[in-house]
Amino acid sequence: MYTLDWKIREPRAYLSYFDVPNNGNATFDRRYYSYDYGDVHYVVLDTQLYESTHEDNHDTHHPDLYDVQVQWLRQDLASNTKKWTVVLMHRDPFQYAFDRPGASQAAGFDEEGVLFMPIFDEFHVDLVLSAHLHSYRNRGHVRNFDHDPSGPLYILTGIAGDARRPNWQQHPLDVYVAPDREKNNYMTMTVTPNRLVVRAFLADGTQLDESVIEK
């Protein structure tokens, strides 16, 4: 949603390069959607409300992005028949305090977390993968904004590329934090009939973390 000179716009370049499903809302052309692969139902959310409502976005003003998306999300999850449900969202639902003097932001949950996490609870989502904060953190299973083995597993997927944001304090719900916040990582997911396994690795193949969901 940015030009090369950091001007905000609609995600035209992304949608030109990637042929994503068109089962969301026509107003938000392919900006959120879902698809099935094997016995997994994937939901891809659009968490760019800031860019959609920013005064610099002269393309289209979308203050109703989340309102419309929530209606679609509920309908999509209600009709899901797959065994596993995985949500992918760019902005992380957790809010972190900055690790610097005078910072006022406290640990907790951001706008996306307050809005979407109760819906994930209601429809028994298995795994939520998020990004944006450029850090690998496993928060374990969370329901009703606290640790609960019956809730979805929340993982902040980590670092790739040249962006580094090491100045986040640990969140009270963090179960595992990558020891070196400067190193790139990648993740894998393996699905078997009764297990969903997610693993995180450094670029050299060193395993950082592993989580197993059984059903």
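As a reminder, the structure under discussion sits directly above these lines.
Being a predicted model, the structure only gives us computed values, none of them experimental. (Residues numbered from 1 in each chain as written. Predicted model: local features only at pLDDT ≥ 70, side-chain atom pairs only at ≥ 80, totals over all residues. Heavy atoms only, no water.)

Which residues make up the pairing of strand β7 (residues 136-143), and what are the values?
Summarising burial for β7: seven of the eight residues are buried, a large majority. Note: β7 against strand β9 (residues 153-157), four bridges, orientation antiparallel. Looking at the pairing, N138 lines up with I155 of β9. Bridge analysis of β7 against strand β10 (residues 176-177) gives two bridges, and the strand direction is antiparallel. Counterpart to N138 in the pairing with β10 is Y176. When β7 meets strand β8 (residues 146-147), the two strands line up antiparallel, connected through two bridges. (Buried < 20%, exposed > 50% of the residue type's maximum accessible area, 1.4 Å probe, protein only. Helix = DSSP H or I, 4+ residues; strand = E, 2+ residues; numbered from the N terminus. Pairing = 2+ DSSP bridges.)

Give me the lowdown on empty space enclosed by the protein, citing residues and values where you can.
The tally for this structure, following the rule as stated, stands at one cavity of 30 Å³ or more. Taken as a whole, the largest cavity holds about 40 Å³ of empty space. Lining the largest cavity are S135, Y136, I159, A178, D180, R181, K183, N185, L202 and L208. Its residues placed into classes, the lining of the largest cavity shows five nonpolar, two polar and three charged. (1 Å grid on protein atoms, 1.4 Å probe; cavity = no way out; pocket = protein on both sides within 12 Å on 5 of 7 lines; lining within 4 Å. Points joined across faces, edges and corners; volume = space filled by probe spheres on them. Nonpolar A, V, L, I, M, F, W, Y, C, P; charged D, E, K, R; others polar.)

If you had to explain the side chain of D209 to someone new, which residues and values would you point to?
Inspection of the secondary structure puts D209 in strand β13 (residues 207-214). R139 is the oppositely charged side chain nearest to the buried, salt-bridge-free D209, at an N-O distance of 9.2 Å. Engagement of the side chain of D209 in a polar contact is seen with the side chain of Y136, the distance being 2.7 Å. Excluding residues within four positions of it along the chain, D209 makes contact with Y136, N138, Y176, V198, R199 and A200. (Lys, Arg positive; Asp, Glu negative; His and termini not counted. Salt bridge = Lys/Arg side-chain N within 4 Å of Asp/Glu carboxyl O. Polar contact = N/O pair within 3.5 Å; in protein donor to acceptor, adjacent residues only side chain to side chain. Contact = heavy atoms within 4.5 Å.)

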